[in-house]
Amino acid sequence: MTIFEIIAAIENGTKTAEEITRYYLAQIAQKNPQINAFVEVFEQDALAQAKAVDAKKAHGEKLGVLAGVPVAIKDNILYKGHKATCCSKMLANYTAAYTSTVVEKLLAADAVIIGRTNMDEFAMGSSNQTSACGIVHNPVDLERVPGGSSGGSAAAVAAGMVPAALGTDTGGSVRQPAGFCGVVGVKPGYGRISRYGVIAFASSADQVGVLAGNVADAATVMEVISGKDAHDSTSLEAPVPHYTQVFTQDLKGVKVGLPKGFLDGLNPTIKKQTELAAQKLQELGAELIEVDVPLAKYSAPCYYIITSAEASSNLGRYDGIRYGYADKTAKDLKSYYEASRAPFGLEVKKRIIIGTYALTSERYEECFLKAMKVRELIKEDFKKAFSQVDVILTPTSPTTAFKIGEQDKNPLSLYLADLYTCQGNIGGLAGISVPFGKDENGLPIGVQFYGPILEEDKILNAAYHLEKTTK
Amino acid sequence: MITKQDVELAGKLARMTVSTEEADIYEGQLKALFGWVKELSAINTEDVKLTNATLAAHMRKDQAVTDEQAAANLRAMFGEELNDQAKVKKVL
């Protein structure tokens, strides 16, 4: 069911919120053992929330925008009294002491928080294979990865276990798994959604995003969770549009940028689909314009240096004193720290090492400072491009979902999975991945729209129209 | 070029134990990554200034806590007090 169908069914009385929640709980019970998208289901809480919605309706009270809609949250988003582990042994026993702003907003809109979803450990990964809670299987083909790091959220939506889920996106962690699983994934521009109560990975890039079955559903959730938050000083003071009302009749007058050279050397099927998407947009009235973002190809190395440096700082708090596992057998402070930080998995340790090395006095200028400066130039490139066009069209990923374990021996190729998506985090842009066709193995292909910061309405509208051509 | 010793040193700075086996794995992977990062040196960044957000944009006014219970709840979380100071857990 879509979110619109759920809302309509509850409003007109053909279904109760409890019935809707029980339906999704049954879907999870049936499908999760094969897919492993959920690491915990909040069955009792979810049913209590659903019953509260039904009681509100029975008393004639006004219902919230998401009344009775089950929503899953990624395991790095805090919900008071519930575990939030980042799928890491480091936080295996951590229970949230307060609720994140995004969850507060969902609850205020009468949504039902149904459970927490699997993810790459501390959101570091593009395949959901680094999770301490086990690999997530792509519902389209169980032998393949769902993408990451919000792989659990994407797989849960794709398998029909939940109509929408929250993820976080630091280098493509909402959009890339959305592309791999054949669902819609939106990453807002930097500052559009509060990160209060979201466990930090890389603070200059992290954003909360939405995964849903279609663009209109994603827009509905986006509208609920967006906006300035006094608890997050990086959230922006700007009015939030009614995202579900931004869809125009057609795309006349909309300028779509096609970045020069972006499709060179790309997998032929994905290239063909991206070109077909451009053609469809043109048929809907959009004007196609070639734009030049020459330095965007350097986004991935910048991304891995900057985010790893920030991670080395952010994850310094897991020392057994402030947060995380504490090893009580240590004899002195040095061994206490080392033993308490031992639960980090291989990928997380690697990122911390990359970041720490890039921040050493010997490497600071050539690595960290250089990456920061190139980031400024990339931002400038995108700014120039957006002076000519409304949105930019790119593939979401250079490949479709690969087989579990297939890329383990070459992590650099795994890092390239973020090639098209990390540009959005380096530039602070708004981005959306929308399913557009399948490859020769029947695997979903995603295409992506970028828009300027605070202009999510433009990418939602473009994606909405492209989505309509596939129905 | 990053070496195994660099990996071990970075691990030490980050207060983590890096086993010989891990250092071997990381060394190869990080050589490839930093080779990729080296491509950035071809870009002229001489005149680039880093943009820093103005402090004012990230400031928020102090807000008085009017809920006395909130302060009491916070203090209660610590348990024991001594000379008007909260006692915290001993680490070692």
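Residues numbered from 1 in each chain as written. Chains lettered and ligands numbered in written order. Predicted model: local features only at pLDDT ≥ 70, side-chain atom pairs only at ≥ 80, totals over all residues.

**Points about the overall build of chain A**
Logical step 1: If you tally the helices and strands in chain A, you get 15 helices and 11 strands.
Logical step 2: For 471 residues, the compact-globule estimate of 2.2 N^0.38 gives 23 Å, and chain A sits close to it at 21 Å.
Logical step 3: For chain A, the spread of C-alpha atoms along the three principal axes comes to 65 × 55 × 45 Å.
Logical step 4: Buried positions account for 61% of the 471 residues belonging to chain A.
Logical step 5: Residue pairs in contact within chain A that sit at least 24 positions apart in sequence constitute 75% of those at least 6 positions apart. (Helix = DSSP H or I, 4+ residues; strand = E, 2+ residues; numbered from the N terminus. Rg over C-alpha atoms; globule rule 2.2 N^0.38 Å. Buried ≥ 20, exposed ≤ 12 C-beta atoms within 10 Å, placed from the backbone. Contact = placed C-beta atoms within 7 Å.)

**Some points on the domain arrangement of chain A**
All names here are of chain A.
Logical step 1: Under the domain assignment, chain A is made up of domain 1 (3-245) and domain 2 (301-365).
Logical step 2: Its C-alpha centre places domain 1 at a distance of 28 Å from the equivalent point of domain 2.
Logical step 3: Taken together, the contact pairs 18 residues of domain 1 with 16 residues of domain 2.
Logical step 4: Class assignment for the residues of the side of domain 1 that touches domain 2 results in nine nonpolar, seven polar and two charged. (Domains from an automatic or database assignment. Nonpolar A, V, L, I, M, F, W, Y, C, P; charged D, E, K, R; others polar.)

**Quick look at the nonpolar core**
Residue and element names in this part refer to chain A.
Logical step 1: V71, I113, A164 and L211 are the most contacted members of the largest nonpolar core, which has 164 residues in total.
Logical step 2: Lining this core are residues from two domains, each supplying at least three of them: domain 1 (3-245) and domain 2 (301-365).
Logical step 3: If we skip the residues at most four places from it in the chain, L211 touches S150, S153, A154, V157, A164, A165, G167, V174, A178, V183, V184 and G185. (Core = buried A, V, L, I, M, F, W, Y, C linked by C-beta atoms within 7 Å.)

**Considering the environment of T356 of chain A**
Logical step 1: Tracing the chain through its elements places T356 of chain A in helix 11 (residues 346-358).
Logical step 2: When sequence neighbours within four positions are dropped, the list of residues in contact with T356 of chain A reads S312 of chain A together with A10, L13 and A14 of chain B.

**Topic: the pairing of strand 6 (residues 207-212) of chain A**
Every regular strand shows the same layout, with side chains that alternate between the two sheet faces.
Residue and element names in this part refer to chain A.
Logical step 1: Burial of strand 6 is extensive: six of the six residues sit out of reach of the surface.
Logical step 2: Residue alternation in strand 6 divides its side chains into two sets, Q207, G209 and L211 and V208, V210 and A212, and both sets are buried.
Logical step 3: Examined bridge by bridge, strand 4 (residues 164-169) and strand 6 share six bridges and lie antiparallel to one another. The residue of strand 6 that forms the bridge with D169 is Q207. (Pairing = 2+ DSSP bridges.)

**Describing the sheet that holds strand 11 (residues 444-451) of chain A**
Residues and elements named next belong to chain A.
Logical step 1: With respect to topology, 11 strands assemble into an open sheet ordered 1-3-2-4-6-5-10-11-9-7-8, the strand pairing being mixed. Strands at the two margins of the open sheet, each flanked by one partner only, are strand 1 (38-41) and strand 8 (287-291). With direction set aside, neighbouring strand axes in the sheet form an average angle of 30°.
Logical step 2: Pairing analysis gives seven bridges linking strand 10 (residues 430-438) to strand 11, with the strands arranged antiparallel. Bridged to I432 within strand 11 is F449.
Logical step 3: Along the sheet face, helix 5 (residues 151-158) touches strand 1, strand 2 (70-74), strand 3 (112-117), strand 4, strand 5 (184-187) and strand 6 and points at about 155° away from the line of strand 4. (Axes fitted to C-alpha atoms, helices over the stretch in contact; angles between N-to-C directions.)

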